Amino acid sequence: MTRTFASRVDDDIELVLLDHHHTDAIHALVLSSLDHLRPWEEIARPDLTREETLEYVTAGQRSWAEGRALPSAIVYRGEIAGVVGARITREVDKAQIGYWLGSAYQGLGIMTRSVRAVVQTLIEDEGMHRVELRTAADNQRSRALAERLGFTLEGTLREAYPIDGVRHDLCIYGRLRNDR
């Protein structure tokens with residue numbers, strides 16, 4: 001059986017399952033947003049190739065087919081604006097959310113609305129008991145998003161997140177099925 005996913009978040013935003021048709025748009029978006037993404041995202045490198053982007057998309061598709069991930073493109077007013085997804089560990093009903101947004105789409109509430117929809121999908125449709133969000137301690141925008149969506153800061157792992165040769169402290173936020 002082939003699994004599908006699409007979610008209309010609101011009039012402006014739709015989440016669609018990442019697939020190979022998104023490769024060029026994702027590649028261009030990452031490269032156009034390097035200054036914004038590079039401190040936080042491993043994929044954000046000036047030498048990122050289309051083939052590496054295709055592998056990123058393909059790995060997400062494979063994990064989705066196996067029931068281990070929810071990889072989705074954020075489509076804002078018909079344009080790919082970023083990615084939001086989750087790694088799923090069904091054995092313990094837990095998911096870990098990850099996301100990034102192109103620099104041109106910042107400050108519009110796109111990520112807050114998108115992550116809220118993914119959390120709802122994970123809890124209601126995928127049966128997750130626990131959803132985690134991990135972010136660099138100095139990524140204030142990502143931390144604010146977690147707190148806006150009712151996640152609880154549960155701890156900080158020191159120098160646990162190496163990106164581009166810099167080790168960041170990693171904040172772990174959690175939200176349980178019954179949290180309001």
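Residues numbered from 1 in each chain as written. Predicted model: local features only at pLDDT ≥ 70, side-chain atom pairs only at ≥ 80, totals over all residues. Heavy atoms only, no water.

**Q** Teacher, can you tell me more about the pairing of strand E8 (residues 166-176) here?
**A** Where a strand is regular, its side chains alternate between the two sheet faces. In the sheet, strand E6 (residues 130-136) pairs with E8 via seven bridges, with the strands oriented antiparallel. In the strand pairing of E8, Arg 134 is matched with Ile 172. When strand E7 (residues 152-163) meets E8, the two strands line up antiparallel, connected through eight bridges. Of the residues in E8, the one forming a bridge with Thr 152 is Gly 174. Between E7 and E8, which pair antiparallel and follow one another directly, the connecting turn spans two residues, one of which, Asp 164, has a positive phi of 50 degrees. (Pairing = 2+ DSSP bridges. Helix = DSSP H or I, 4+ residues; strand = E, 2+ residues; numbered from the N terminus.)

**Q** How should the environment of Gly 109 be read in this particular structure?
**A** Tracing the backbone through its elements, the reader meets Gly 109 in the loop between strand E5 (94-101) and helix H4 (110-125). In this structure the C-alpha to C-alpha distance between Gly 109 and Val 83, which are 26 residues apart in sequence, comes to 14 Å.

**Q** I tried to follow the packing of aromatic side chains on my own but got confused; where do I start?
**A** Each aromatic ring pair is summarised here by two numbers: the centre-to-centre distance and the angle between the ring planes. In the structure shown here, the tally under the stated rule is one aromatic pair. On the basis of an interplanar angle of 75 degrees and a centroid distance of 6.1 Å, the ring pair of Tyr 76 and Tyr 105 is categorised as edge-to-face. Residue Tyr 76 is found in strand E3 (residues 69-76), and its partner Tyr 105 is found in the loop between E5 and H4; the two are separated by 29 residues along the sequence. Side by side, Tyr 76 and Tyr 105 carry an identical accessibility label, which is buried. (Phe/Tyr/Trp six-rings, centres within 6.5 Å; stacked < 30°, edge-to-face > 60°. Buried < 20%, exposed > 50% of the residue type's maximum accessible area, 1.4 Å probe, protein only.)

**Q** Help me understand the pattern of salt bridges in this model?
**A** Note that side chains of opposite charge can pair when their charged atoms are close. Per the counting criterion, the structure on display carries 13 salt bridges. One salt bridge in this structure joins Glu 14 and Arg 8, with 3.6 Å as the shortest N-O distance. Here Glu 154 ties to Arg 130 by a salt bridge, and the two come within 2.4 Å at their closest N and O atoms. Taken as a pair, Glu 154 in strand E7 and Arg 130 in strand E6 lie far apart in primary sequence, 24 residues in all. (Salt bridge = Lys/Arg side-chain N within 4 Å of Asp/Glu carboxyl O.)

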